[in-house]
Amino acid sequence: MLFTLLHSPWQCDLNSLLLLVKQGDDLLLLQDGVTAALAGSEALQKLLASPATLWVLEDDAAARGITAQISTSVTMLDYTGFVNLTVKHQQQIAW
């Protein structure tokens, strides 16, 4: 399953999302969701503890001027990588 987090972790129920993810799932942070990958943030610690593989859309982090503040524990992804994730997962949930 591909989960996409589009909203800031301060404006959504991140804990409920994390109850749904399982091993083998991918979680892509995009739009305002990229702020969840800020180094040292509480949201990032929760995301890294989940069984899902965590990704950040590079262009969205750049658009918000926070690329340098994104944790090195998270893999940045371009649009081609985003498309590859959508091909990999037939089912997706936007959060």
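This is a predicted model, so every value here is computed, not measured.

Undergrad: How should the pairing of strand β2 (residues 26–29) be read in this particular structure?
TA: Consecutive side chains of a regular strand alternate in pointing toward one face of the sheet and then the other. Along β2, one buried face is formed by Asp 26 and Leu 28 and the opposite face, lined by Leu 27 and Leu 29, is buried too. Relative to β2, strand β1 (residues 2–5) is paired through 4 bridges, and the arrangement is parallel. Of the residues in β2, the one forming a bridge with Leu 5 is Leu 29. For the crossover from β1 across helix α1 (residues 14–20) to β2, the handedness is right-handed. Alignment of β2 against strand β3 (residues 53–57), held across 4 bridges, turns out to be parallel. Within β3, the residue paired with Leu 27 across the bridge is Leu 54. The handedness of the β2 to β3 crossover, carried by helix α2 (residues 42–49), is right-handed.

What counts and what doesn't
Residues numbered from 1 in each chain as written. Predicted model: local features only at pLDDT ≥ 70, side-chain atom pairs only at ≥ 80, totals over all residues. Heavy atoms only, no water. Buried < 20%, exposed > 50% of the residue type's maximum accessible area, 1.4 Å probe, protein only. Helix = DSSP H or I, 4+ residues; strand = E, 2+ residues; numbered from the N terminus. Pairing = 2+ DSSP bridges. Right-handed = clockwise from strand over helix to strand, strands pointing away.

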